[in-house]
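Chain by chain, the residues:
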Amino acid sequence: MATLRASLSPWSLLTRSQGAKRVCFRARGRPRSVALLQLLPGPCEAKMLCRRFSSEAESGSSEIKKPTFMDEEVQNILIKMTGLDLQKIFKPAVQELKPPTYKLMTQAQLEEATRRAVEAAKVRLKMPPVLEERTPINDVLAEDKILEGTETAKYVFTDISYSIPHRERFIVVREPSGTLRKASWEERDRMIQVYFPKEGRRTLTPIIFKEENLKTMYSLDRHVDVLNLCVAQFEPDSAEYIKIHHQTYEDIDKHGKYDLLRSTRHFGGMAWYFVNKKKIDGLLIDQIQRDLVDDATSLVQLYHILHPDGQSAQEAKEQAAEGLHLIKVFAKTEAQKGAYIELTLQAYQEASISHSAAS
């Protein structure tokens, strides 16, 4: 797909709009790749996708609106649970070793530096969007049997005008059979990367995302690295992006490694996934064991926001439950490991009593 053809031959029959620039690529060869970095997704593209899906949700039903990932209340709860461990957020990256820099500061300067570090940490903790998977493109524009057998390779026609958003860019494919169709999402992503390279993204999917390589990364507790690379490589509503995120969350849940994502930009997405799947028991127990009872309460509150008609939400509302009582209500109603949660709560309360008595 990387070999440029100067002659359009039969494909010049393709209708062109005035002022549009189109380039024909032959579907052979290996495209040039760019360096793969760990970067945040483009804010403009993420916001545009979020607005598109939120507007579809609003127009799709006039009944009770289901909370979304980007709702302010949901975001506040997720940010609170994520935590703000500056040591973890600013941990040294793998890079060339340089001599450390030491500075002498007054108390006021130290407080100002800490404030700036906290602000920078909040930027790093900005969560990637969580979107529904995009609808596949299967639009056929024309069936030109006269062109069948003329060529043995596909031709991709791409509008490379700079003023057009990538989501609206006109990209079509001429099949060897003579069929003219719109490009699939995978073809679109590849061609857009060819003409408008995004730093940190490769034209071809890196082999790290193969099943056997992902298992190796998980065994090394490098879940955060996998998610960072996934955010850089794929669009947030692509099937690959969603699959890899869910697979990573499931591995974390299976082995109880929730703390790997705490104080990272991926913790909120993980919590949202577990709440939607109604499988928060493991994360809830982990939070209680780590003396993060406020976070555990917030997790149950988020569960009730997403599932307001459930037995737990109804009983909590009737009893005006808060704090530990709210967690106990969930443990007795909808929890899959209710007895284990109650034992964990009991151990936490006994440890708190002992600590209070000792002090």
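Predicted, not measured: the structure shown is a model, and the values here were computed from it.

### Some words on the overall build of the protein
When you go through the protein residue by residue, the secondary structure sums to 14 helices and 6 strands. Sorting the 359 residues of the protein into buried and exposed places 41% on the buried side. Taking contacts inside the protein between residues at least 6 apart in sequence as the whole, the part at least 24 apart equals 69%. Element-wise, carbon and sulfur atoms account for 53% of the exposed surface of the protein, whose accessible area totals about 21,000 Å².

### Examining the pattern of salt bridges
Evaluation of the coordinates by the stated rule reveals 21 salt bridges. Here Asp295 and Lys80 are joined by a salt bridge, their closest N and O atoms 3.8 Å apart. Taken as a pair, Asp295 in helix 11 (residues 293-306) and Lys80 in helix 2 (residues 72-82) lie far apart in primary sequence, 215 residues in all. Since its relative accessible area comes to 10%, Asp295 is described here as buried. With a relative accessible area of 44%, Lys80 lands in the partly exposed category. Of the charged contacts, one joins Arg115 and Glu112 as a salt bridge, the two residues approaching to 2.6 Å between their closest N and O atoms. Pair noted here: Arg115 and Glu112 are both in helix 4 (residues 107-124), with a separation of 3 residues, about one helical turn. Assessed through its relative accessible area of 44%, Arg115 is described here as partly exposed. Overlapping salt bridges, with partners in common, bring together Arg134, Arg167, Asp189, Arg201, Glu235 and Asp237 in one network.

### A word on the packing of helix 10 (residues 281-289) against helix 14 (residues 338-358)
Here helix 10 crosses helix 14 at 10°, and the two axes come no closer than 10 Å. Comparing the axis directions of helix 10 and helix 14 gives the class roughly parallel. Contacts from Asp281, Leu284, Ile285, Ile288 and Gln289 in helix 10 reach Gly338, Tyr340, Ile341, Thr344, Leu345 and Tyr348 in helix 14.

### Re the side chain of Arg174
With respect to the secondary-structure elements, Arg174 resides in strand 5 (residues 171-174). What makes Arg174 buried here is its relative accessible area of 3%. For Arg174, the side chain forms a polar contact with the side chain of Asp144, separated by 2.7 Å.

### Describing the packing of aromatic side chains
Summed over the entire model, instances satisfying the criterion amount to 7 aromatic pairs. Considering the side-chain rings of Tyr162 and Phe196, the 5.6 Å spacing of their centres and the 90° angle between planes classify their relative orientation as edge-to-face. Here Phe196 lies in the loop between helix 5 (185-195) and helix 6 (211-219) and Tyr162 lies in the loop between strand 4 (155-159) and strand 5, a separation of 34 residues in the sequence. Overall, the relative accessible area of 71% leaves Tyr162 in the exposed class. Looking at Phe196, the relative accessible area reads 16%, which means it is buried. Taking 6.1 Å as the distance between ring centres and 80° as the angle between the ring planes, the aromatic pair formed by Tyr258 and Phe274 counts as edge-to-face.

### Observations concerning helix 2
Restricting attention to buried positions, one finds in helix 2 the residues Val74, Gln75, Ile77, Leu78, Met81 and Thr82. For helix 2, the angular spread of the buried residues around the axis is 165°, confining them to a single face. Opposite the buried face of helix 2, at more than 90 degrees from it, the exposed residues are Glu72 and Ile79. Considering only its buried residues, helix 2 is in contact with helix 9 (267-276), helix 10 and helix 11.

Here is what the cut-offs are and how they apply
In this convention, every chain numbers its residues from 1, walking through the sequence in written order. Totals for whole chains, interfaces and linings use every residue, but because this is a predicted model, local features are given only for residues with pLDDT of at least 70 and side-chain atom pairs only at 80 or more, for both listing and counting. Excluded from the side-chain calculation are hydrogens and water; included are all heavy atoms of the structure. Think of it this way: any DSSP run of H or I at least four residues long counts as a helix, any run of E at least two long counts as a strand, and we number them from the N terminus. Relative accessible area decides the class of each residue, using a 1.4 Å probe on protein chains only: under 20% of the type maximum gives buried, over 50% gives exposed, and in between gives partly exposed. The criterion used for residue contact is that any of the two residues' heavy atoms lie within 4.5 Å. Every accessible area reported is derived by Shrake-Rupley at a probe size of 1.4 Å, with residue values counting cover from the shown protein chains alone. Salt bridge, as used here: a side-chain nitrogen of Lys or Arg that lies within 4 Å of a carboxyl oxygen of Asp or Glu. Helix axes use the C-alpha atoms of the stretch in contact, all axes being lines fitted to C-alpha atoms, and the angles between their N-to-C directions lie in the range 0 to 180 degrees. When describing relative orientation, an angle under 35 degrees is termed roughly parallel and one over 145 degrees roughly antiparallel, while 65 to 115 degrees is termed roughly perpendicular and anything else oblique. Throughout this description, a polar contact denotes any pair of N or O atoms lying within 3.5 Å of each other; where both atoms belong to protein, one of them has to be capable of donating a hydrogen while the other can accept it, and for residues adjacent in sequence the pair is counted only when both atoms sit in side chains. Two rings from Phe, Tyr or Trp (for Trp, the six-membered ring) form a pair when their centres are within 6.5 Å of each other. A pair whose planes differ by under 30 degrees is stacked, one over 60 is edge-to-face, and the rest are tilted. Note that the arc is computed from the directions linking the helix axis to the C-beta atoms.

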